[in-house]
Amino acid sequence: MRATVTAHARFVVSEIDPRLYGSFIEHLGRAVYTGIYEPGHPTADKNGMRCDVIDLVRELSVPIVRYPGGNFVSAYNWEDGVGPREQRPARLDLAWHTTDNNEVGVHEFADWCDAVGCELMYAVNLGSRGLDDARNFLEYANHPGGSYWSDQRIANGRNAPFNIKLWCLGNEMDGPWQIGHKSADEYGRLAHETAKAMRAFDSGIELVVCGSSNAKMATYPQWEATVLDHTYNEVDYISLHMYFDNKADDTPKFLAEAIKLDSYISSVSGVIDFIKAKKRSTKNVYISFDEWNVWYHSHEQDRKILEGNSGWPSAPPLLEDIYNFEDALQVALIINTFIRRSNVVKIACLAQLVNVIAPIMTVPGGPAWRQTTFYPFLFASRYGRGKALDLKVDGPSYHVDELGAVPALDVAAVHDAAAGYLTFFLVNRSGEAIATDISLEGFGQDLAIVEHQLMADADLKAANSAADPEAVVPRPGADAEVRDGKLVADIGAYSYHVIRLKA
Ligand code: AHR
């Protein structure tokens, strides 16, 4: 098979917001306890945070991490997680049927964010609580001092405000599984009033309102229209979530499904434009895709706990998907979609970061290791900064029922003109090699390949584990060269390539 691609330095989609490579830590399973936090672990710092995990998160260059949930946040009392640790209450978490002893709260998490070098994206509870809780917490977190809540923060050991800039107005409020689930009108009104109060405190914060939990929700996309009708003038982003699975064990279909993500983004983008026009507004609202991933391997094993048949365990293993090679391809396809849509998707969070549907896994008392999905995220986060290019691709496709013709070659490119790098992220989602010619226009004369990373495995189900953490890793790619102003590459069956060129 053959494909031709045209890349031109002046055909640009958008400058990429680095927060496109964000992630997420929820008080869920072992994400916090024995994930990022494990006092007594040989690598633990003075706060009990695992430095081996901090190092891996730093390796991923994650610019922003969403916290503390997820479903968890809809019944969370933030006050439980501040003050002397020995006085913090153990609470039953209704979302995941577990017990949280609150040893980690916003202070510990903000210190962890400083250690990994990321920004904190904080979700307020608009499920069991509301406006009052949100404005109190904002004052606690961001006011310098001299008020009731800010003085409590100072008394709790933190003089400088946390200065949290990005705030989620609840989580998945369209979902009947949510504690405090609401109709679009109920939520829209509450989100509007909460946003107004939060902006009265600080007009410079950024606010994310909940869109649909997934594109299969019966209320989608009317939910977006109603909620934005209430909130358009007060918010900056609308949140979307999407998870993928290969329960049917049908790899061609599984890998094709990333195109559903593209239509989801297009449709919501249309709803945003509709409400913008309806409001005669000049302001833009963008998409915060703050939960995305592959999630299904752990469904069966989690059932007992989630159905409440194991009591209320503390930090049990939950959502511990072990990712295989085809999942890594899917993650690469998802990120390519975000890059191509970076004019409307400004923030995206890989859900999640440690142990819970995560690229990083830990063994309590033992090592931390990288899943297959670690690598496509790593390369995109490191090299996907700059301008996303508007590529023209002409290549083979295959047919999938309900989806139609799906391109076999998926490609995204990012140009960092200041540093002189041009990076291509290529996924062959088919079982046949694709001889690919990419014509390089407007990038100067002397482009040369400086790095070529390849992930390929004859066994699509190959996975890493604590015992064999390097079963699936990237290796240097071959079969690519710059010839006559073209990047010529052989993109093998079921493979992922990152090719970096420098002028
Ligand atoms: O990331 C796991 C869960 O998925 C989150 O808690 C929730 O928001 C979503 O349904």
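Residues numbered from 1 in each chain as written. Predicted model: local features only at pLDDT ≥ 70, side-chain atom pairs only at ≥ 80, totals over all residues. Heavy atoms only, no water.

Go over a nonpolar patch on the surface, please, and point to the residues and values.
A cluster of nonpolar side chains, L92, L94 and W312, forms an exposed patch at the surface whose accessible area comes to about 290 Å². Mapping L94 onto the fold places it in the loop between strand 5 (91-93) and strand 6 (98-100). The partly exposed category is assigned to L94, whose relative accessible area is 47%. (Patch = residues over 30% accessible without salt bridge, like charges linked within 9 Å, V, L, I, M, F, W, Y side chains within 5 Å. Areas by Shrake-Rupley, 256 points an atom, 1.4 Å probe, with all protein chains shown as cover. Salt bridge = Lys/Arg side-chain N within 4 Å of Asp/Glu carboxyl O. Helix = DSSP H or I, 4+ residues; strand = E, 2+ residues; numbered from the N terminus. Buried < 20%, exposed > 50% of the residue type's maximum accessible area, 1.4 Å probe, protein only.)

So what's going on with the site of the ligand? Residues and values would help.
Surveying the vicinity of the ligand reveals 13 residues, the closest of which are E26, N71, E172, Y243 and E291. Y243 places a polar side-chain atom, nitrogen or oxygen, 2.8 Å from an oxygen atom of the ligand. If the ligand stood free it would expose 280 Å²; the protein chains cover 95% of that surface. Comparing atom positions with the cavity grids shows the ligand to sit within the largest pocket. Per-class residue counts for the shell around the ligand are six nonpolar, four polar and three charged. (Near = heavy atom within 4 Å. Polar contact = N/O pair within 3.5 Å; in protein donor to acceptor, adjacent residues only side chain to side chain. 1 Å grid on protein atoms, 1.4 Å probe; cavity = no way out; pocket = protein on both sides within 12 Å on 5 of 7 lines; lining within 4 Å. Sits in = over half its atoms within 2 Å of the grid points. Nonpolar A, V, L, I, M, F, W, Y, C, P; charged D, E, K, R; others polar.)

Can you explain the domain arrangement of the chain? Please cite residues and give values.
In terms of domains, the chain is made up of domain 1 (2-9 + 389-502) and domain 2 (17-383). The centre of domain 1, based on its C-alpha atoms, is set 30 Å off from the matching centre of domain 2. Domain 1 puts 36 residues into the contact, and the matching count from domain 2 is 33 residues. Of all residues in domain 1, the largest losses of buried area upon contact with domain 2 belong to L403, R429 and K461, amounting jointly to 18% of the total for that side. Applying the counting criterion to the domain 1 and domain 2 interface returns three salt bridges. The salt bridge involving K461 is made with E326; its shortest N-O contact spans 2.7 Å. Summed over the shared surface of domain 1 and domain 2, the result is 13 residue pairs in polar contact (both at pLDDT 80 or more). Contributing elements (two or more residues each) for the side of domain 1 that touches domain 2: strand 17 (397-400), strand 19 (409-416), strand 20 (421-428), strand 22 (448-456) and strand 26 (495-502). In terms of residue count, the dominant contributor to the side of domain 1 that touches domain 2 is strand 19 (five residues). Looking at side-chain class alone, the side of domain 1 that touches domain 2 contains 23 nonpolar, five polar and eight charged residues. (Domains from an automatic or database assignment. Contact = heavy atoms within 4.5 Å. Buried area = accessible area lost by both parts, 1.4 Å probe.)

Provide a residue-level description of empty space enclosed by the protein, including the pertinent values.
Take a probe with the size of a water molecule and roll it over the atoms, and the empty space left behind shows itself. A full pass over the atoms with the stated rule returns three cavities of 30 Å³ or more. Looking at the largest cavity, its volume works out to about 90 Å³. Forming the walls of the largest cavity are H27, L28, G29, Y33, F72, D93, T98, T99, D100, A315 and P316. Among the elements that line the lining of the largest cavity, the one with the most residues is strand 6, at three residues. Per-class residue counts for the lining of the largest cavity are five nonpolar, four polar and two charged. (Points joined across faces, edges and corners; volume = space filled by probe spheres on them.)

Just give me the short version of unusual backbone geometry, but keep the residues and values in it.
Residue P68 is reached from Y67 by a cis peptide bond, and omega for that bond is 0 degrees. Secondary-structure assignment places P68 in the loop between strand 4 (64-67) and strand 5. Of note, the amide linkage connecting Y220 to P221 takes the cis form, showing an omega dihedral of 0 degrees. Note that P221 resides in the loop between strand 9 (206-210) and helix 6 (222-231). Positive phi values are uncommon outside glycine, yet I357 reaches one of about 35 degrees. Although it is not a glycine, Y494 sits at a positive phi angle of roughly 40 degrees. Along the polypeptide, Y494 turns up in the loop between strand 25 (486-491) and strand 26. For Y494, a relative accessible area of 17% corresponds to the buried category.

So what's going on with the side chain of T98? Residues and values would help.
With respect to the element layout, T98 can be found in strand 6. Every residue in contact with T98, bar those within four places of it in the chain, is listed here: R91, L92, D93, I305, W312, P313, P316 and L318.

Break down the packing of helix 8 (residues 258-278) against helix 10 (residues 325-340) for me, with residues and values.
Between helix 8 and helix 10, the least distance of the axes is 9 Å, while the angle of their chain directions is 25 degrees. It follows from the interaxial angle that helix 8 and helix 10 lie roughly parallel. The two elements helix 8 and helix 10 meet at a crossing, and its hand is right-handed. From helix 8, A258, L261, D262 and I265 reach across to helix 10, where they touch Q330, L333, I334, T337 and F338. Classifying every residue of the contact of helix 8 with helix 10 gives six nonpolar, two polar and one charged. (Axes fitted to C-alpha atoms, helices over the stretch in contact; angles between N-to-C directions. Parallel < 35°, antiparallel > 145°, perpendicular 65-115°, else oblique. Left-handed = near helix turned anticlockwise from the far one by under 90°.)

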